[in-house]
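Fold and geometry: a report
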Amino acid sequence: MGREVSESCIDSLLTEMVSSYCNRFYANKPELAARRIEAIGYQVGHQLSERYTMERPRFSDHLEAIKFICKDFWSELFKKQIDNLKTNHRGTFVLQDNRFRWLARMSAESKAAQAMSMYLYFPCGIIRGALSNLGIPCAVSADISNLPACEYPESYVLCVVMHACSLCSNGHCHGQL
Amino acid sequence: MAPAGPRSGDAIFASVERVNAELFTLTYGAIVRQLLTDLEEVDEVNKQLDQMGYNIGIRLVDEFLAKSNVSRCVDFKETAEVIAKVGFKMFLGVGASVTNWDAEGTCCSIVLEDNPLVDFVELPDTCQGLYYCNVLSGVIRGALEMVSVPSCASLSLVFSSSS
């Protein structure tokens, strides 16, 4: 395990980043705030995937790269793997994390639906950036839901939908956020 | 039974949930980069980093007080030591040292030898005057305000990268 910091550092930094962009810099322009937050995530994902694949051979196909995201990459970020991966074999993938760490600690006020969805642009950007660095341009969106209370009371299920196709690479794919 | 004493920074850091520091470092770097693109002026970016830090600090102080069990500091010198030895350690995993006290004991330098925020970071010449770590000033300022230490307006921490 490399160097560590306390989880509060990343939690508070992300919460404050989303809050700054949504409430201060682009107060009445949620689309612009969203793009910025996604862009920050993209940068992070791009750099992280570069670091985590330095010593590996190139991935043989899209599925191998996506499995890397689901296993090794996700483990580096969240100390667990993606719980479920589905595909329609036509370029769309759904990744599901049943206990998405980052949302678990958000305070009650920031759990309002809009704040949550703004927040999710960041992990979407990370995934898009990581895959783009691996040569797979894609469109990424995410959604969250609660598991039934009896299982994990404060857990959020993160569902990420990725669409990787040739149209994405020339910006014509309408699967964009 | 005697009440529990204050806990060391190492002990607290070992007991909290920890994450990959690279994620933190790169996220912060991407935020600074985006701010530079969006705000353009280095002074404005410095100001916003401080403001973000302040907003973080006013909340982070609760966690600090809850976990560190420190008693009320008798003077500013003790406050600075606690920030350096316990505060930085329990969040960033690295301790800091306090030096450069002025004659009145109201001004000092807190030196972080090994700062996770600046891992892999190189500032280009176009960023002259950028206080890259200004978020940390804001965090301390916010935290101190919450515990009623009147913050001097000139609280600023400048981190220079070691050669």
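Per an unreviewed UniProt entry, chain B is named Trafficking protein particle complex subunit, and its organism is Linum tenue. Under Subunit (unreviewed entry), UniProt gives the following word-for-word description of chain B: "Homodimer."

Chain A is annotated in an unreviewed UniProt entry as Trafficking protein particle complex subunit 6B from Linum tenue. Of the comments in the UniProt record for chain A, the one headed Sequence similarities (unreviewed entry) reads "Belongs to the TRAPP small subunits family. BET3 subfamily."

1. Some details on the interface of chain B and chain A
Size of an interface: often given as the accessible area lost when the parts come together. With 35 residues of chain B at the interface, the matching set in chain A holds 35 residues. Where chain B abuts chain A, roughly 3300 Å² becomes buried across the two surfaces, and 61% of that area is made up of carbon and sulfur atoms. Summed over the three residues of chain B that lose the most area to chain A, namely Val19(B), Leu23(B) and Leu26(B), the buried surface amounts to 19% of that side. Where chain B meets chain A, there are 5 salt bridges.

2. As for the side chain of Asp50(B)
All names here are of chain B. In this fold, aspartate 50 is placed in helix α3 (residues 42-68). Note on aspartate 50: relative accessible area 15%, which makes it buried. There is a polar contact of 2.6 Å between the side chain of aspartate 50 and the side chain of arginine 141. Leave out the neighbours within four places in its chain, and aspartate 50 touches Asn134, Ser137, Gly138 and Arg141.

3. Describing the packing of aromatic side chains
The full count for this structure, using the stated rule, is 13 aromatic pairs over all chains. Members of the aromatic cluster, connected to one another through ring pairs, are Trp74(A), Phe78(A), Phe100(A), Trp102(A) and Phe122(A). Here the guanidinium or amino end of Arg18(B) rests over the ring plane of Phe13(B), the centre of that ring lying 5.6 Å away. Across from the ring centre of Trp101(B), 5.3 Å away, lies the NZ or CZ of Lys77(B), which sits over that ring.

4. Topic: the pairing of strand β2 (residues 84-87) of chain A
Residues and elements named next belong to chain A. Relative to strand β3 (residues 92-97), β2 runs antiparallel, the two being bridged by 4 bridges. Looking across to β3, one finds that threonine 87 is bridged to phenylalanine 93. Where β2 hands over to β3, the hairpin turn is made up of 4 residues, of which histidine 89 adopts a positive phi near 60°.

5. Here's the deal with the packing of helix α1 (residues 7-25) of chain A against helix α2 (residues 30-52) of chain A
Two measures define how a pair of helices packs: the angle their axes make with one another and the distance between the axes. Residue and element names in this part refer to chain A. Across the interface, α1 lies against α2 with an axial gap of 9 Å and an inter-helix angle of 150°. Between α1 and α2, the crossing angle belongs to the class labelled roughly antiparallel. Relative to α2, the crossing made by α1 is right-handed. Seen from α1, the contacting residues are Met17, Val18, Tyr21 and Cys22; seen from α2, they are Ala33, Arg36, Ile37 and Ile40. In the contact of α1 with α2, the residues fall into 7 nonpolar, no polar and 1 charged.

6. Some points on the environment of Val94(A)
Residue and element names in this part refer to chain A. The residue valine 94 is located in strand β3 in this model. Each C-alpha atom of the pair valine 94 and aspartate 143 lies 11 Å from the other, and the pair is 49 residues apart in sequence. If sequence neighbours within four positions are ignored, valine 94 has contacts with Asn84, Leu85, Lys86, Cys159, Val160 and Val161.

7. Observations regarding the pattern of salt bridges
Taken as a whole and assessed by the stated rule, the structure comprises 17 salt bridges over all chains. Arg51(A) serves as the salt-bridge partner of Glu22(B), at 2.5 Å between the closest nitrogen and oxygen. With Glu22(B) in helix α2 (residues 21-39) and Arg51(A) in helix α2, this pair bridges two chains. Look at Arg51(A) and you get partly exposed, because its relative accessible area is 32%. Arg56(A) serves as the salt-bridge partner of Asp72(A), at 2.1 Å between the closest nitrogen and oxygen.

Criteria and cut-off values
Residues numbered from 1 in each chain as written. Chains lettered and ligands numbered in written order. Predicted model: local features only at pLDDT ≥ 70, side-chain atom pairs only at ≥ 80, totals over all residues. Heavy atoms only, no water. UniProt positions renumbered as here; feature names shortened; annotations may be inferred. Contact = heavy atoms within 4.5 Å. Buried area = accessible area lost by both parts, 1.4 Å probe. Salt bridge = Lys/Arg side-chain N within 4 Å of Asp/Glu carboxyl O. Helix = DSSP H or I, 4+ residues; strand = E, 2+ residues; numbered from the N terminus. Buried < 20%, exposed > 50% of the residue type's maximum accessible area, 1.4 Å probe, protein only. Polar contact = N/O pair within 3.5 Å; in protein donor to acceptor, adjacent residues only side chain to side chain. Phe/Tyr/Trp six-rings, centres within 6.5 Å; stacked < 30°, edge-to-face > 60°. Lys NZ or Arg CZ within 6 Å of the ring centre and 35° of its normal. Pairing = 2+ DSSP bridges. Axes fitted to C-alpha atoms, helices over the stretch in contact; angles between N-to-C directions. Parallel < 35°, antiparallel > 145°, perpendicular 65-115°, else oblique. Left-handed = near helix turned anticlockwise from the far one by under 90°. Nonpolar A, V, L, I, M, F, W, Y, C, P; charged D, E, K, R; others polar.

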